[in-house]
2 protein chains.
Amino acid sequence: MRPLHVAFAGGAAGPWRVVSIAPVAGPSLHAVKRLAVVEGDAAPPPGAAWVLRGATSNERYTTRAEHDALAAVSRPLGRELATRAALIPIRKSAAWWALAQDERRAILEERSAHIATAMRVLPAVSRRLHHGRELGEPFDFLTWFEYAPGDAAAFEDLVAALRATEEWRYVEREVDVRVEMSGGSS
Amino acid sequence: MRPLHVAFAGGAAGPWRVVSIAPVAGPSLHAVKRLAVVEGDAAPPPGAAWVLRGATSNERYTTRAEHDALAAVSRPLGRELATRAALIPIRKSAAWWALAQDERRAILEERSAHIATAMRVLPAVSRRLHHGRELGEPFDFLTWFEYAPGDAAAFEDLVAALRATEEWRYVEREVDVRVEMSGGSS
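Residues numbered from 1 in each chain as written. Chains lettered and ligands numbered in written order. Predicted model: local features only at pLDDT ≥ 70, side-chain atom pairs only at ≥ 80, totals over all residues. Heavy atoms only, no water.

Draft legend 1. Quick look at the packing of aromatic side chains. Counting across every chain of the model gives 12 aromatic pairs over all chains. Between Phe-8 of chain A and Trp-144 of chain A the ring centres are 5.6 Å apart and the planes differ by 40 degrees, which places this aromatic pair in the tilted class. Taken together, the residues span a long stretch of sequence, with Phe-8 of chain A in strand 1 (residues 5-11) and Trp-144 of chain A in strand 7 (residues 141-147) at a distance of 136 residues. You'll find Phe-8 of chain A and Trp-144 of chain A in the same group, each marked buried. With a centroid separation of 5.3 Å and an interplanar angle of 80 degrees, the aromatic rings of Trp-16 of chain B and Trp-144 of chain B are classed as edge-to-face. In this pair, Trp-16 of chain B is assigned in strand 2 (residues 16-25) and Trp-144 of chain B in strand 7 (residues 141-147), connecting sequence segments 128 residues apart. Three or more aromatic residues link up through ring pairs in this structure, and these residues are Phe-8, Trp-16 and Trp-144 of chain A. In this structure, Lys-92 of chain A is placed above the aromatic ring of Trp-96 of chain A, and the distance from its NZ or CZ to the ring centre is 3.9 Å. (Phe/Tyr/Trp six-rings, centres within 6.5 Å; stacked < 30°, edge-to-face > 60°. Helix = DSSP H or I, 4+ residues; strand = E, 2+ residues; numbered from the N terminus. Buried < 20%, exposed > 50% of the residue type's maximum accessible area, 1.4 Å probe, protein only. Lys NZ or Arg CZ within 6 Å of the ring centre and 35° of its normal.)

And the structure:
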């Protein structure tokens, strides 16, 4: 599948009600009431306070064995029960991007267990990673997570575990946007 | 360094005179007389017959040892003696992009010796890789090579060696654009 362009627009319109926007590292995003997730070439709702863009892409670190293990227990986005979601934009440091592939892989998985940690919350949490770095965006990654209210604690554990890793020392900007599904678009 | 956006514009303007445009796999590009290489946010010359865009990015396959070995003998673009250049746009197949990281690495280097083969023409050939896939471009990669006329044979050997590899079975479109530096812009 070719990359899918996705725009996350924070403003007054969109099916997701914004519950919180918290800066984790570096500056936050402006407070907004609603979030729209716009796929492909469609225009984001007019008047958005911010629009973050990214593209899905091929996997950069997972081995075939890891990919197959993840795929077996991953669920698609858009499940009716998944009325909570999180958008976590991240920018990594120049030091991260200057590392070679084997060095980044060693930090990400062998020393930080990023993939293994994510596996623990499957199938409860659906997720999709979007790359913004080559698009000239302020964030390198936009990760979108969807989960049911009953799985919120597992999701918090995931986020906390990742933020405690060696990999996260290379995160120079991170914002944590939490939303929930609620009827109406404004 | 953050990714650099680069546009390759084929038309009637630009410092590079087009010597040949040859389809290697799939459809070719329209014949043009000149090529302009435009970095950053600058606009390509008006009236171009085609504009191919890409962004430099982090390395995806090289290990630290390979990176350091390459860096030690790599030369920058823009050398005065390098009056020949090649733009080789490539699109890889869906089968390639569905492979996991370890599978792509194994094909690219352990079985096709892509990095080791490229090393053989250093420092004679300068090169820069641009990624277009996440930009929604028709080509996944735009590789730009610069070399002196006396190193043309070494460059042909490189191109021929790569095209004979297992990796190249995943190339579904490739065009080979050869240019040379000549005074004036039209």
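Here the narrative resumes, following the displayed structure.
Draft legend 2. How the structure looks around the pairing of strand 8 (residues 171-181) of chain A. Residues and elements named next belong to chain A. With respect to burial, strand 8 is a largely interior element, eight of its 11 residues being buried. Note: strand 2 (residues 16-25) against strand 8, eight bridges, orientation antiparallel. Across the sheet, the residue bridging to Pro-23 is Val-175, located in strand 8. In this sheet, strand 8 lies alongside strand 5 (residues 84-92) in antiparallel orientation, the contact comprising seven bridges. Considered in strand 8, the bridge of Leu-87 is made with Val-177. (Pairing = 2+ DSSP bridges.)

Draft legend 3. Region of the structure containing the interface of chain B and chain A. Every contact between the two is made by 29 residues of chain B and, on the other side, 29 residues of chain A. Carbon and sulfur atoms supply 40% of the area buried between chain B and chain A, which totals about 2500 Å² over both sides. In this structure, Glu-103 of chain B engages Arg-64 of chain A in a salt bridge whose closest nitrogen and oxygen atoms are separated by 2.9 Å. There are 19 residue pairs in polar contact (both at pLDDT 80 or more) connecting chain B and chain A. (Contact = heavy atoms within 4.5 Å. Buried area = accessible area lost by both parts, 1.4 Å probe. Salt bridge = Lys/Arg side-chain N within 4 Å of Asp/Glu carboxyl O. Polar contact = N/O pair within 3.5 Å; in protein donor to acceptor, adjacent residues only side chain to side chain.)

Draft legend 4. Representation of the environment of Pro-3 of chain A. Tracing the chain through its elements places Pro-3 of chain A in the segment before strand 1. Along the chain, Pro-3 of chain A and Arg-173 of chain A lie 170 residues apart, while their C-alpha atoms are 24 Å from each other. Among residues more than four places away in sequence, those in contact with Pro-3 of chain A are Ala-55 and Thr-56 of chain A together with Arg-133 and Glu-134 of chain B.

Draft legend 5. Structural view of the pattern of salt bridges. If you walk through the whole model with that rule in mind, you get 32 salt bridges over all chains. In this structure, the salt-bridge partner of Arg-60 of chain A is Glu-134 of chain B, at a minimum N-O distance of 3.4 Å. One end of the pair, Arg-60 of chain A, is in the loop between strand 4 (50-55) and helix 1 (64-73); the other, Glu-134 of chain B, is in the loop between strand 6 (126-131) and strand 7, on a second chain. In this structure, Arg-60 of chain A and Glu-134 of chain B share a single accessibility class: buried. Taken together, the salt bridges that share partners define one network made up of Glu-156, Arg-163, Glu-174, Asp-176 and Arg-178 of chain A.

Draft legend 6. Region of interest: the relation of the copies chain B and chain A. After a rotation of 180 degrees and a shift along the axis of 0.0 Å, chain B superposes on chain A with an RMSD of 0.0 Å. Within this description, the copies of the chain are treated as partners about a two-fold rotation axis. Minimal C-alpha distance to the rotation axis in chain B is attained by Leu-135 of chain B, lying at 3.3 Å. Most of the interface of chain B is mirrored in chain A, where 100% of its interface residues again form contacts. (Least-squares fit on C-alpha atoms with pLDDT ≥ 70 in both.)

Draft legend 7. Focus on the side chain of Arg-79 of chain A. Residues and elements named next belong to chain A. Within the secondary structure, Arg-79 is located in the loop between helix 1 and strand 5. Among buried charged residues, Arg-79 stands out as having no salt bridge; its nearest opposite-charge side chain is Glu-146, 5.6 Å away. Here the side chain of Arg-79 touches Glu-146 through a polar contact of 3.2 Å, landing on its backbone oxygen. Residues in contact with Arg-79, not counting those within four places in the same chain, are Pro-123, Ala-124, Val-125, Ser-126, Glu-146 and Tyr-147. (Lys, Arg positive; Asp, Glu negative; His and termini not counted.)

None of the figures reported here should be taken as evidence of function without further support.
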